[in-house]
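# Chain and residue survey
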Amino acid sequence: MLFRSITIVKWIMSAKRDQGGIESRMPDKKVLIIGSGVAGLTTAIELAKFDVKVVLIEKEKTVGGYARQFTCKATDDCVKCGACIVEEKIDAAVSHPNITIYSGVCLTDIVKKDGFAISFVDRNHEKQACEVDAVVMATGFQPFDPIDKPFGYKRFDDVITNLDLEKRLRQDGVVKRPSDGSVPKKIAFIQCVGSRDSSLNHLWCSKVCCGSALRMARLIKFREKSMEISVFYIDVQSFGKDFQNNYDLIKDQVRMIRAIPGDVFLTDDRKIKLEYYLPALRKQTEELFDLVVLSVGITPNRNADPIAEKIGLKSTGSEFLDEQSMVSAPGVFAAGTATGPKSITESIADAGRVALDVLNYFQTQHN
Ligand SMILES: Cc1cc2nc3c(=O)[nH]c(=O)nc-3n(C[C@H](O)[C@H](O)[C@H](O)COP(=O)(O)OP(=O)(O)OC[C@H]3O[C@@H](n4cnc5c(N)ncnc54)[C@H](O)[C@@H]3O)c2cc1C
Ligand code: SF4
Ligand code: SF4
């Protein structure tokens, strides 16, 4: 099921090719893809299959985007988190003769002409320039920075984000308190940090953090059965059958508390104290934890705005790139979380659809 959307994309692509809907080879076309997350990699691979030449640029030194930082959350079985797909995509893109990847790159200019004239500085500080026929913005998202929220992030060592936890689990395999390296006995997850928050005008649901927290809780309990895990939430967003399966397997092993803590304190014995109100009991409660994990969500990647503006893309009210604005920007496309919150498989499916849009655009130009 995890790969259903990917399979559908593959089927559509091959059906189009077989029906003669799209020219099976377009060797005279060149596309710039900005961003090498799972969306950029997928768009590159799908276009390269049609002999389109792809220049893929990535501002970081390593390719793969955020998904590459995630840990495998398999317990006895694979829990279908999607994290390992990115490694497959990297291998496929790196080895494809039609794809040239530049990482550690700074895009310096992009000018719309007949196509687009691109200049960038590569990781050896050398200037590069090329002309392309289309541009795909696969510039991804920014995880919400919780520094200004009253949860003690960066003030208390043992308040971390879900991304910090992903990296720690990937590196060490076990959860430890950053303050003293001890194994925590009580962990709290706080959901919806930076999402569904009217004070920030972030009204969207990030879609991935409920599933991610529950998979993480299941992995931690699997490795350390005595660990007590509580999840503070507004309501649990269920996306897809895999989510429901995971939820059914974990919900009796974690405490689900329908409240979001107001304030977070450090006690003298270096525990984290959460204060929260339980509407059902009309009661203010406080409780001590060894580690608090903030489930930060997906927010727009503002560093891509100047590029988007130069090629005629606008942002929506929520400030993700607006797919509607592509209608008046021929040759410009956007894939993955650049246009809004998506899971890894949704980003892959979206990137497959965008590759088709690019091919159709070339086809229309040709006819
Ligand atoms: C805490 C957390 C947990 C998650 N857990 C899961 C999970 O368990 N399962 C799941 O399916 N999904 C999960 N997700 C969502 C997942 O991370 C995204 O679906 C996926 O990473 C989206 O890929 P992308 O390519 O759109 O964006 P990204 O991964 O953000 O990749 C974008 C790339 O573009 C590059 N870039 C940006 N601007 C520029 C520029 N100007 N020039 C060049 N390069 C640029 C970036 O450096 C980056 O490498 C989680 C997200 C978060 C925040
Ligand atoms: S990374 Fe996720 S999808 Fe891949 S094997 Fe592990 S649990 Fe399964
Ligand atoms: S997925 Fe869950 S934690 Fe994330 S924003 Fe939506 S409801 Fe909140």
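This next bit is on the domain arrangement of the protein. Examined at the domain level, the protein breaks down into domain 1 (4-140 + 301-366) and domain 2 (144-298). In this structure, domain 1 and domain 2 have C-alpha centres spaced 32 Å apart. Across the boundary between the two partners, domain 1 contributes 21 residues, which contact 18 residues of domain 2. Taken together, the two surfaces of domain 1 and domain 2 that pack against each other cover about 1800 Å², and 62% of this comes from carbon and sulfur. For the interface between domain 1 and domain 2, the tally reads 3 salt bridges. The partner of Glu346 in a salt bridge is Lys207, with the nearest N and O atoms 3.5 Å apart. Scanning the region where domain 1 abuts domain 2 turns up 5 residue pairs in polar contact (both at pLDDT 80 or more). For the side of domain 1 that touches domain 2, the per-class residue count stands at 8 nonpolar, 6 polar and 7 charged.

If you check the shell around ligand 1, you find 33 residues, and the closest are Glu58, Arg215, Thr337, Lys342 and Ile344. For ligand 1, an oxygen atom lies 2.6 Å from a polar atom in the side chain of Glu58. For ligand 1, a nitrogen atom lies 2.9 Å from a polar atom in the backbone of Cys81. Against a free-state accessible area of 1000 Å², the protein chains account for coverage of 96% of ligand 1. At the level of elements, α2 (38-48), β2 (53-58), α4 (162-172), α5 (209-223) and α8 (344-366) are the ones that each hand at least two residues to the shell around ligand 1. Counting only domains with at least three residues in the shell around ligand 1, you end up with domain 1 (4-140 + 301-366) and domain 2 (144-298).

Turning next to the pairing of strand β16 (residues 291-296). Across the 6 residues of β16, 6 count as buried, placing the element largely inside the fold. Inspection of the sheet shows strand β9 (residues 159-161) paired to β16 by 3 bridges, in the parallel sense. Paired with Thr161 across the two strands is Leu294, which belongs to β16. The pairing of strand β10 (residues 186-193) with β16 spans 5 bridges and is classified as parallel. Its bridge partner being in β16, Val193 is matched across the sheet by Val296.

It is worth spelling out the site of ligand 3 at this point. Around ligand 3, the neighbouring residues are Gln191, Cys192, Ser195, Arg196, Cys205, Ser206, Lys207, Val208, Cys209, Cys210, Asp235 and Gln237. Put simply, the parts of the chain that give the shell around ligand 3 at least two residues each are β10 and α5. Classifying every residue of the shell around ligand 3 gives 5 nonpolar, 4 polar and 3 charged.

Thresholds applied
- Residues numbered from 1 in each chain as written.
- Chains lettered and ligands numbered in written order.
- Predicted model: local features only at pLDDT ≥ 70, side-chain atom pairs only at ≥ 80, totals over all residues.
- Heavy atoms only, no water.
- Domains from an automatic or database assignment.
- Contact = heavy atoms within 4.5 Å.
- Buried area = accessible area lost by both parts, 1.4 Å probe.
- Salt bridge = Lys/Arg side-chain N within 4 Å of Asp/Glu carboxyl O.
- Polar contact = N/O pair within 3.5 Å; in protein donor to acceptor, adjacent residues only side chain to side chain.
- Nonpolar A, V, L, I, M, F, W, Y, C, P; charged D, E, K, R; others polar.
- Near = heavy atom within 4 Å.
- Areas by Shrake-Rupley, 256 points an atom, 1.4 Å probe, with all protein chains shown as cover.
- Helix = DSSP H or I, 4+ residues; strand = E, 2+ residues; numbered from the N terminus.
- Buried < 20%, exposed > 50% of the residue type's maximum accessible area, 1.4 Å probe, protein only.
- Pairing = 2+ DSSP bridges.

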